[in-house]
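# Commentary on secondary and tertiary structure
The primary structure of each chain is shown beneath.
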Amino acid sequence: MQGFFQRFNGLFSTRAEKQDTVLHYPEEAEITDDIFHEYSIIIGSLFTYFNDLPEELKLRFVKRVYQFKANKKFHFVGLEDKEDIAILVSASAIQVTFGLKNYMMSYFKDIYVLADAYQMDNEEELYIGHVAPDGIYLSFKHFLYGYSHNKKNDNVNVAVHEMAHALLYNNFFAQYSGTDSHFRLNYEKFSSSTGPILANVIANRRSYLRSYAFSNLHEFWAVSVEAFFENPAGLKMNMPELYEALCRVLNQDPITQSKILKSEP
Ligand SMILES: [Zn+2]
């Protein structure tokens, strides 16, 4: 595992040296009423988060999805209805980054969507999603399960989980113009303030979060973000300090209708 992360960091820093350093924030694209309507129907079929937004924020959300999708190359394995799938996967990235100014995660150019769980290299284990230097990978079957209206509030959402990993890698491993300064600053505060929470959980050997969160700090981050969006009220009630820390770092509160906390983070 150590070797893997070293290789991983090495790849990111090699890539970063080749990037230019011009700062730019992606402008939100202008879109037609037809595109807004079409995207709203597709996104609204799965995302309660989107349906709850006030009208002007729905427009911002759709513009961001449109821009995100246009800037990524989607690869599909064993799937049809590709346009809709690319819109839905983009929407999960926009949900996680909605409070941030720089939402593109521009380090990642490629997104791989597979029909079902998959194997990597020669490993026996099946994966439902992962993030690697060459892209973001998701099983679409499990993507849909994450957003299913019929399941219990089980705090499981593979797309939110992988987008949380991708956001962190984009901002801390790739030193180039695509980072978000609000996120970087507040994540550093987040990781120092979560120390006592982790210590407490390890001492008590139980937590509201599933045990996978305690594999390492990266998983703690991704599992926390999953719970934050899947059942915000549950997380706020059971781990209020963690909930507040996530609100600050992502600049949004999913319990509120308008989500975003500060308009200029
Ligand atoms: Zn993970």
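Residues numbered from 1 in each chain as written. Predicted model: local features only at pLDDT ≥ 70, side-chain atom pairs only at ≥ 80, totals over all residues.

### Focus: the overall build of the protein
For the record, the criterion: Counting from the N terminus, the helices are DSSP H or I runs at least four residues long and the strands are E runs at least two residues long. Exposed residues have 12 or fewer other C-beta atoms within 10 Å of their own C-beta, buried residues have 20 or more, and partly exposed residues fall in between, where C-beta atoms are placed from the backbone. Residues are scored as being in contact if the C-beta atoms we place from backbone atoms lie within 7 Å.
Along the backbone of the protein there are 12 helices and 6 strands. Looking at the 265 residues of the protein, the share that counts as buried comes to 38%. Counting contacts in the protein only where the partners sit at least 6 residues apart, residues at least 24 apart contribute 67% of the total.

### Some words on unusual backbone geometry
Even without glycine at this site, M105 takes up a positive phi of about 45 degrees. Here M105 shows up in the loop between α5 (82-97) and β2 (110-114). Even without being glycine, N155 reaches a positive phi, approximately 65 degrees. As for its placement among the helices and strands, N155 is situated in the loop between α6 (140-147) and α7 (158-172).

### Examining the environment of A222
With respect to the secondary-structure elements, A222 resides in helix α10 (residues 217-230). Along the chain, A222 and H165 lie 57 residues apart, while their C-alpha atoms are 5.9 Å from each other. Setting aside residues up to four positions removed in sequence, A222 forms contacts with H161, A164 and H165.

### Some thoughts on the packing of helix α8 (residues 181-193) against helix α12 (residues 240-250)
Using the following cut-off: Every axis corresponds to a line fitted to the C-alpha atoms, with the helix fit spanning only the stretch in contact, and the corresponding angles, defined between N-to-C directions, vary from 0 to 180 degrees. Angular relationships are summarised with four words: roughly parallel below 35 degrees, roughly antiparallel beyond 145, roughly perpendicular across 65 to 115, and oblique for the angles in between. Two helices cross in a left-handed way if the nearer one is turned anticlockwise from the farther one by less than a right angle. They cross in a right-handed way if the turn is clockwise. Here the nonpolar group is Ala, Val, Leu, Ile, Met, Phe, Trp, Tyr, Cys and Pro; Asp, Glu, Lys and Arg are the charged ones; every other residue, Gly included, is treated as polar.
The geometry of α8 relative to α12 is characterised by a closest axis approach of 8 Å and an angle of 165 degrees between their N-to-C directions. On the basis of their axis angle, the class for α8 and α12 is roughly antiparallel. The two elements α8 and α12 meet at a crossing, and its hand is left-handed. Residue-level inspection shows F183, N186, Y187, F190 and S193 of α8 in contact with α12, the latter providing A245, R248 and V249. Considered class by class, the residues forming the contact of α8 with α12 number 5 nonpolar, 2 polar and 1 charged.

### Remarks on the sheet that holds strand β6 (residues 135-139)
To keep it simple, the criterion reads: Here, any two strands with at least 2 DSSP bridges between them count as paired.
Strand order in the open sheet formed by 4 strands is β1-β2-β6-β5, and the pairing between neighbours is mixed. Edge positions in the sheet fall to β1 (73-77) and β5 (129-132), since each of these pairs with one other strand and no more. Sheet twist, expressed as the average angle between the axes of neighbouring strands with direction ignored, equals 15 degrees. Contacting β2, β5 and β6, α6 runs over the sheet at an angle of about 75 degrees to β6.

### Remarks on the confidence of the model for the protein
The criterion, for reference: Values of pLDDT, ranging from 0 to 100, describe the predictor's confidence in every residue of the model.
Here the protein averages 86 in pLDDT, and 87% of its residues register 70 or above. By mean pLDDT, the top-scoring element of the protein is helix α2 (residues 33-44) (98), and the lowest-scoring one is helix α1 (residues 2-18) (38). Throughout residues 1-24 the model reports pLDDT below 50, and contacts reaching past four residues in sequence, or to other chains, amount to 16 contacts.

### Digging into the environment of D253
When you line up the elements, D253 lands in the segment after α12. Those residues in contact with D253 that sit more than four places away from it in its chain are C247, K259 and L261.

### Side note on α12
Of all the 11 residues making up α12, 8 are buried; the element is thus mostly covered by neighbouring parts of the structure. Along α12, the residues classified as buried are L242, Y243, A245, L246, C247, R248, V249 and L250. On its buried face, α12 sits against α8, α9 (195-204), α10 and α11 (232-238). Two residues or fewer past α12, N251 is found with a positive phi of approximately 50 degrees.

### Section: the packing of helix α4 (residues 55-70) against α5
To characterise two packed helices, one gives the angle between the axes of the helices and the distance between these axes. For the pair α4 and α5, the least separation of the axes is 9 Å and the interaxial angle reads 115 degrees. Considering the angle they form, α4 stands roughly perpendicular to α5. The interaxial crossing formed by α4 with α5 has right-handed handedness. Residue-level contacts link F61, R64, V65, F68 and K69 of α4 to A86, I87, S90, A91, A93 and I94 of α5. Residues belonging to the contact of α4 with α5 are distributed by class as follows: 8 nonpolar, 1 polar and 2 charged.

### With respect to the nonpolar core
Put simply, the rule is: For this analysis, nonpolar core means a set of buried Ala, Val, Leu, Ile, Met, Phe, Trp, Tyr and Cys residues linked through C-beta atoms within 7 Å.
Formed by 68 residues in total, the largest nonpolar core has its most connected members in V65, V89, L138, A164, V225 and L246. With residues near it in sequence (within four places) discarded, V89 still touches I111, V113, L138, F143 and A159.

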